[in-house]
Each structure stands twice: as C-alpha cells, then as structure tokens.
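# A structural walkthrough
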Amino acid sequence: MDHFCYQDGVLHCESVAAPALCERFGTPLYVYSRRTFLEHYDRLSAAFAELNPTICYAVKSCHNLAILRMLSQRGAAFDVVSGGELRRIEEAGVDPARAVFAGVGKTDDEISSALDTGIGCFNVESEGELGRIAAIAEARGVVARVALRVNPDVDPKTHVYTTTGKRETKFGIDLDRARRVISDLDGRAGIDLAGFHMHLGSPVNTIEPYIESIEKTLELVAACRADGHRITMLNIGGGFGAHYDDDEAPSASAYAQRIVPLLAGKGLDIILEPGRSIAANAGVLLTRVLYTKRSGERRFVIVDAAMTELLRPALYGSFHFAWPVVVPDEMVPPRRSADLAVDGCVVVDLVGPVCESGDFLAKDRALPPLTRGDLVCVFSAGAYGSVMSSQYNSRCRAAEVLVGGSEARLIRRRETYDDLLATERVTDAPVSF
Ligand SMILES: *Cc1c(COP(=O)(O)O)cnc(C)c1O
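Just so you know, these numbers come straight off a predicted model, no measurement behind them. (Residues numbered from 1 in each chain as written. Predicted model: local features only at pLDDT ≥ 70, side-chain atom pairs only at ≥ 80, totals over all residues. Heavy atoms only, no water.)

## Considerations on the domain arrangement of the chain
- Per the domain assignment, the segments of the chain are domain 1 (4-31 + 280-421) and domain 2 (34-276).
- Computed over C-alpha atoms only, the centres of domain 1 and domain 2 are separated by 32 Å.
- Taken together, the 25 residues of domain 1 in the interface contact 22 residues of domain 2.
- In this assembly, domain 1 packs against domain 2 so that about 2200 Å² is buried in total across both faces, 55% of it on carbon and sulfur atoms. (Domains from an automatic or database assignment. Contact = heavy atoms within 4.5 Å. Buried area = accessible area lost by both parts, 1.4 Å probe.)

Structure representation (structure tokens):
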C-alpha cells in the first residue's frame, strides 16, 4: 500500500524515522514517500499497458513542484484545471503539449495563455466554452485540439460533493446533446475535435460506473464516426480509489482487467487522469499534541494541525486513519481501519486549534493514550491534503518534505508571518477615505 511503516514501534517513511523529521522540520509537517508515489504510478502504467495510455497525473491532487518534476521524469503527462496549474507545470519544466486542460470555468485569459503555450488538449465542458475557445484560437490563427467532456449520467456512489458524472452536476455535456454539438462544429477553423473526455467523480471504489460510462461513450463515438467525424481519442478521467480505511480500493490491475477489454482495438488513443490513487497513500500529515482535555464524558486531544492543513474531514466527513508516531510494540496497528480495536485505547476527538467546531481530524476515535508533546500521524493525506490548506485564523501553511530512501528533502518551506502579510502590503500609508 505504501512505505510508511513502524519499525520497533517508531513510524518510518521509507528508511527515515518520523520523529527525526519533526525535530528537523517542525510540525505540522507533510511527509511524502518518493518510492510510494512512483510505485503507484508504475502500477497503473503497467496495468493499462496494453492500451499504451497517456497518464495525465491530476495536478490538483498534490501539486508540489518537486512531485511534478519527479512524475514527469517517470514519464507522466499532466491534467490541469486552471491557469495557475498550467504555470506550475511549466515551472516544473513540463512541456504543456503534454497536458490536458479541464474545468467548467476557463477564463479568456486562461484559454489564451494555454493556446500560447501549446497546450495538448482542452477538455471542453460546455457549448459556450467551445465557442470561446474557437473564437480565441481563430483570432490567433491557431487550431485548438479539444475533447468534449461528456456527462454520462452515471452514479459513481461516492460523496455527493465529489460526484461529477451525474446529470444534475455542473460538469460536462449531456451525451444526447454531444452529437449535435459536434455537428454544429463543422467548418469551425479554430477547433480540432479529437474525441471525448469523462470524469465520474472520486473516489470511485467500484468498477461498474466506469464500465457503464465507457459503454455509453463508445456508442457516441460510433455514432459520431458514422456521421463522418474522425474520433481518435478517449479520456476516461481519474477517480480511482485509494486506501483510507483498510485496503478498500480496487487495485490498478482490477480496474484495468475490466476496462482494458472495452477499449482495446477501438482505434482510440486512451488518456487516464489519476490523482488520488497515486498521491493519497504517498503522503502523511505529522502533528504534535498540544493539550488534552475533557468536557463531560468527551475527551479531546488538541494537536497543532487543523482543518487548515487537512480539510477533508471537515469538508466531506472523510475518514483518515490516525495513530501515534511512537508506540509500544503491542500497540503497533496491524491494519489502518475505522474499526481497529487495540487494548488500552481511549476514545477521543482529535481536533486542531482553529476556532470552528468543524475543525477536527478524527472523531470518536479509539487511540492509544496521548499526552502533550506526543506525535500523531494522519495517514493517506497525500491527495487533496496540503493543496487544500489555507491561512484561516492567520495560520502559516505547513512545510512539505519528500523522502527517498534514507534522505529527506524540504520541498516547501513553512510559511512565515511575513508571507501572511505580503499581499496586503500594497500601500505604505494607513488607508483613510
Ligand atoms: C479531480 C480530477 C481528476 C483526478 O481525480 P482523482 O480522484 O484524484 O483521480 C481527474 N480528472 C478531472 C477532470 C478532475 O477534475
């Protein structure tokens, strides 16, 4: 699953002891395992090898430049959803021709700069957007390569906030309208329609929704080809699961076993857009206990990480396994699951310092006894963790460290109070009206 393991009761990332990282870089701290990242990427790449897919890592899941560089060296292409992410991959030395650009609200500026950098493909989410891309491309005398994002109206059976392939969500174009949209495109000089894109939601821990959506979209491909359009590409999106609670997600090869036969020999270049399945288990959040207290029957462990570092529990009610970094041998967790029962545990809420009752990392959780100064690891925090962090309550965003073997490198420094204030120092004089 990953390379975060206990050795003699001490959590290690690869060969590096977690307490040493906290001493050196402070807490709260994001720690990533290079080996885990690469293994997850390689497994997906191997599982789908028969299709020779382009694997576009979803930048939004974990966007640190060092991680983008590392995956790029391994052969990854990229999925971006904003001008900022496009800027990020360029900074990481990636040719934007190796990127696809998704998102329902691309601005004219974002479209223009993507065209200027030679973006590989736009994943187009509406007719209005298609019109803007065509007009901007024609004004520049260039041709935009696009895939139409279809909304297959399939329920991925995940959290309502991360469901994106149902008709009532804001994403994509209905399957039945897509065919007409393509016919209306005939003769638009600025557009090269390469094919279709879909992304169902995340995490999608069953394979059936992919099957259903791909079958529906292949019918559309056939219909469009019959209409005389050259359809050469299908992007099946991301959304593959990760292991938050035990090993709950299907393996890369389990997804591939069902999906590959549907797509093999169809004359389509296949694109995948995985984020979570590569990043989630490759990162953890380390935090230190500040205080413990009781309120009636409830026990709280207050740590120095908060919803500002890891928003997922507050935003989605997500489960993240949490456990002390140093434990006696008999308390090394045999599994990482919500119903883990280990003798001697106490039921607590693991909460942060932020002034919100929604600021928790774990609720009603049986944990080994914790006291001030102890370190706690929040697992499976590599995806949609650090990238969603904020400065709310004027908190400085955490540092990030990448471990490879016995080496640890700082890949993002901890913010300072000067960083918090920098963008507001726009005038020397006190403002008065
Ligand atoms: C977020 C997103 C992804 C990545 O989803 P994961 O669940 O992280 O794999 C892929 N494609 C699109 C269009 C997305 O918005």
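## Some words on the site of the ligand
- In the neighbourhood of the ligand, 15 residues make up the surrounding shell, with Lys60, Ser202, Glu273, Arg276 and Tyr384 lying closest.
- Within the contact set of the ligand, an oxygen atom lies 2.5 Å away from a side-chain nitrogen or oxygen of tyrosine 384.
- For the ligand, the protein covers 94% of the area, taking 380 Å² as the surface of the free molecule.
- Residue composition of the shell around the ligand, by class: four nonpolar, six polar and five charged. (Near = heavy atom within 4 Å. Polar contact = N/O pair within 3.5 Å; in protein donor to acceptor, adjacent residues only side chain to side chain. Areas by Shrake-Rupley, 256 points an atom, 1.4 Å probe, with all protein chains shown as cover. Nonpolar A, V, L, I, M, F, W, Y, C, P; charged D, E, K, R; others polar.)

## Considering the packing of aromatic side chains
- If you walk through the whole model with that rule in mind, you get ten aromatic pairs.
- A centroid spacing of 6.0 Å and a plane angle of 25° characterise the contact between phenylalanine 101 and phenylalanine 122, whose relative ring orientation is stacked. In this pair, phenylalanine 101 is assigned in strand β7 (residues 99-101) and phenylalanine 122 in strand β8 (residues 121-124), connecting sequence segments 21 residues apart.
- Phenylalanine 101 sits in the buried class, given a relative accessible area of 0%.
- Site record: aromatic cluster; members linked through ring pairs are Phe48, Tyr210, Phe240 and Tyr255.
- Stacked on the ring of phenylalanine 101, the Lys or Arg lysine 106 has its end atom at 5.6 Å from the ring centre.
- Stacked on the ring of tyrosine 291, the Lys or Arg arginine 372 has its end atom at 5.2 Å from the ring centre. (Phe/Tyr/Trp six-rings, centres within 6.5 Å; stacked < 30°, edge-to-face > 60°. Helix = DSSP H or I, 4+ residues; strand = E, 2+ residues; numbered from the N terminus. Buried < 20%, exposed > 50% of the residue type's maximum accessible area, 1.4 Å probe, protein only. Lys NZ or Arg CZ within 6 Å of the ring centre and 35° of its normal.)

## Remarks on helix α5 (residues 108-117)
- Three or more residues of α5 are buried, namely Glu110, Ile111, Ser112, Ala114 and Leu115.
- Check the buried side of α5 and you find it contacts α4 (83-91), β7, β8, α6 (127-140) and β9 (144-151).
- One or two positions beyond α5, positive phi appears at glycine 118, with a value near 80°.

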